[in-house]
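# Commentary on secondary and tertiary structure
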Amino acid sequence: MSMNSKFAKFFFTLLTFLIILAIIFMTSKISFVFKPIFLIFNILIIPFMLAGFFYYLLRPLVNYFEIRKIHKTVSIILIYIVLSAIAVIFVIIIWPHLQTQIENFIKSAPQLIKGFQVQINKIQESRLVSMFVSKDSDISAKLSEYLNAAITTASNYVSNVLSIITNFVIVIATAPIILYYLLKESSHIPESILHLIPKRYRKDGKEVIAEVDAALSGFIVGRVIITCLLGVLLYIGFMIIGLPYALLLAVIATVLNIIPYIGQFLGAIPCLIVAFIDAPSMIIWVIIVTVIAQQIESSFLSPHIYGKRLDIHPLTTIILLLVAGDIAGILGVILAIPAYMVVKIILVRIYRLFLADKIEELIE
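Residues numbered from 1 in each chain as written. Predicted model: local features only at pLDDT ≥ 70, side-chain atom pairs only at ≥ 80, totals over all residues. Heavy atoms only, no water.

Take the packing of aromatic side chains next. This model, assessed by the stated rule, comprises five aromatic pairs. Aromatic pair Y180 and Y181: ring centres 5.2 Å apart, planes at 80°, arrangement edge-to-face. (Phe/Tyr/Trp six-rings, centres within 6.5 Å; stacked < 30°, edge-to-face > 60°.)

Along the polypeptide, R59 turns up in helix α2 (residues 35-67). Not counting chain neighbours up to four residues away, the residues in contact with R59 comprise L183, D213 and S217. (Helix = DSSP H or I, 4+ residues; strand = E, 2+ residues; numbered from the N terminus. Contact = heavy atoms within 4.5 Å.)

For the structure on display, the rule yields three salt bridges. For D204, the salt bridge identified is with R349, shortest N-O distance 3.1 Å. Note that D204 is positioned in helix α10 (residues 202-241) and R349 in helix α14 (residues 314-363), a separation of 145 residues in sequence. Residue D204 shares its accessibility class with R349, and that shared class is buried. Among the salt bridges present, the one from E207 reaches R349, with a minimum N-O distance of 2.8 Å. You can see E207 sitting in helix α10 and its partner R349 sitting in helix α14, a full 142 residues away along the chain. Among the charged side chains, a salt-bridge network with shared partners connects D204, E207 and R349. (Salt bridge = Lys/Arg side-chain N within 4 Å of Asp/Glu carboxyl O. Buried < 20%, exposed > 50% of the residue type's maximum accessible area, 1.4 Å probe, protein only.)

Following the criterion strictly, the structure yields one cavity of 30 Å³ or more and no others. Estimates place the volume of the largest cavity at around 40 Å³. If you list the elements that add at least two residues to the lining of the largest cavity, you get α10, α12 (263-278) and α13 (282-305). When residues of the lining of the largest cavity are assigned to their parent elements, the largest contribution, four residues, is made by α12. (1 Å grid on protein atoms, 1.4 Å probe; cavity = no way out; pocket = protein on both sides within 12 Å on 5 of 7 lines; lining within 4 Å. Points joined across faces, edges and corners; volume = space filled by probe spheres on them.)

Looking now at helix α11 (residues 246-256). Burial in α11 covers these residues: A246, L247, L248, L249, A250, A253 and T254. For α11, the secondary structure elements touched by its buried residues are α3 (72-107), α10 and α12.

Here we come to the nonpolar core. Ranked by size, the top nonpolar core spans 26 residues in total, and within it L179, L183, L321 and I337 carry the most contacts. Leave out the neighbours within four places in its chain, and L183 touches Y55, L58, R59, V62, K72 and I76. Judged by nonpolar contacts, the second largest core, of 20 residues, contains F238, I241, L243 and V274. (Core = buried A, V, L, I, M, F, W, Y, C linked by side-chain atoms within 4.5 Å.)

With that out of the way, let us pick up the side chain of T290. Topologically, T290 is positioned in helix α13. Since its relative accessible area comes to 15%, T290 is described here as buried. Engagement of the side chain of T290 in a polar contact is seen with the backbone oxygen of V286, the distance being 2.8 Å. (Polar contact = N/O pair within 3.5 Å; in protein donor to acceptor, adjacent residues only side chain to side chain.)

Our focus in this paragraph is the packing of α11 against α12. At a closest axis distance of 7 Å, the pairing of α11 and α12 adopts a crossing angle of 160°. Comparing their axes, α12 and α11 come out roughly antiparallel. As α11 packs across α12, the resulting crossing turns out to be right-handed. When α11 is examined against α12, the residues L249, I252, A253 and L256 are found in contact with a partner set consisting of G263, L266, G267, P270, C271 and V274. Its residues assigned to classes, the contact of α11 with α12 shows eight nonpolar, two polar and no charged. (Axes fitted to C-alpha atoms, helices over the stretch in contact; angles between N-to-C directions. Parallel < 35°, antiparallel > 145°, perpendicular 65-115°, else oblique. Left-handed = near helix turned anticlockwise from the far one by under 90°. Nonpolar A, V, L, I, M, F, W, Y, C, P; charged D, E, K, R; others polar.)

At a closest axis distance of 8 Å, the pairing of α3 and α11 adopts a crossing angle of 95°. Taken together, α3 and α11 sit at an angle that is classed as roughly perpendicular. Two secondary-structure elements touch here, α3 through I94, H97, L98, Q101, I102 and F105 and α11 through A246, L247, L248 and V251. Classifying every residue of the contact of α3 with α11 gives eight nonpolar, two polar and no charged.

Put into structure tokens, the structure is as follows:
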């Protein structure tokens, strides 16, 4: 490669970088122009996210019915009827019990904080702890203050979530309609995407779409099945040991366990706090129940449901969740891992197509 061609290539790369920076700068100056787009995106993201979530959960059933020579429309309607029946059963049988526990937990929050402070004082007064901690220390008050702040934040967050759901109930109601068309037209979706890709890259595009689809399907279906089974195990265990608010704590642990790697630790924290307030010895039983449930999940459930673990390092997961949570809140936490999986698959394929050979030539 001649010196002039190298300089031209460097100049072109530098010019491209400067143009990108200029576009970013100009975009920041006219951000008000994009506000309607962001507003539309915020309205549509929830129903599309729900539809995509249930699409991967229900698609295997639709495919099963299709193999049985049942028309797609009929199979989707049958699935909707079954889901409606499950929702009715949940509202009639499970929700009243769960609602009662939520209301009782919120009402008894001051007593829980006082009980937490009493337990801390008892531990602080013990001989072993008093050797390291002064009696005048305000550890009890500080920990109780932190717990109070955590309960208040959680209560406000739940209230905000409920108000958001109430305000956007019409928007969320569109999710079943979107889901219907996703399930019905699932075979045509990849073809529609491939038409946007240049012909010479369509083979790679087809492989990428298949890889992304398999990754999302495995993650969503696997996590949902595993966490639901884990939640059932935790609820049974909590009921056996007599842990207060067993159903509420099992639901919280189940929801948090959807997050890979760190979800199991986050889900255990509320359980341990309630156990500590009830009786310090209860912590041991909660740990035993949690460990047994986690061992059943990792040894028996995951290998059969997942087939293999997620190809994401735990440190990467933590960084993704922290950054996404700071940028987009709970929505960011939910979408962080699936979005990372999709972007990673696409970037790896782009690297292999356009950059791998050039980098190898430079190294050589």
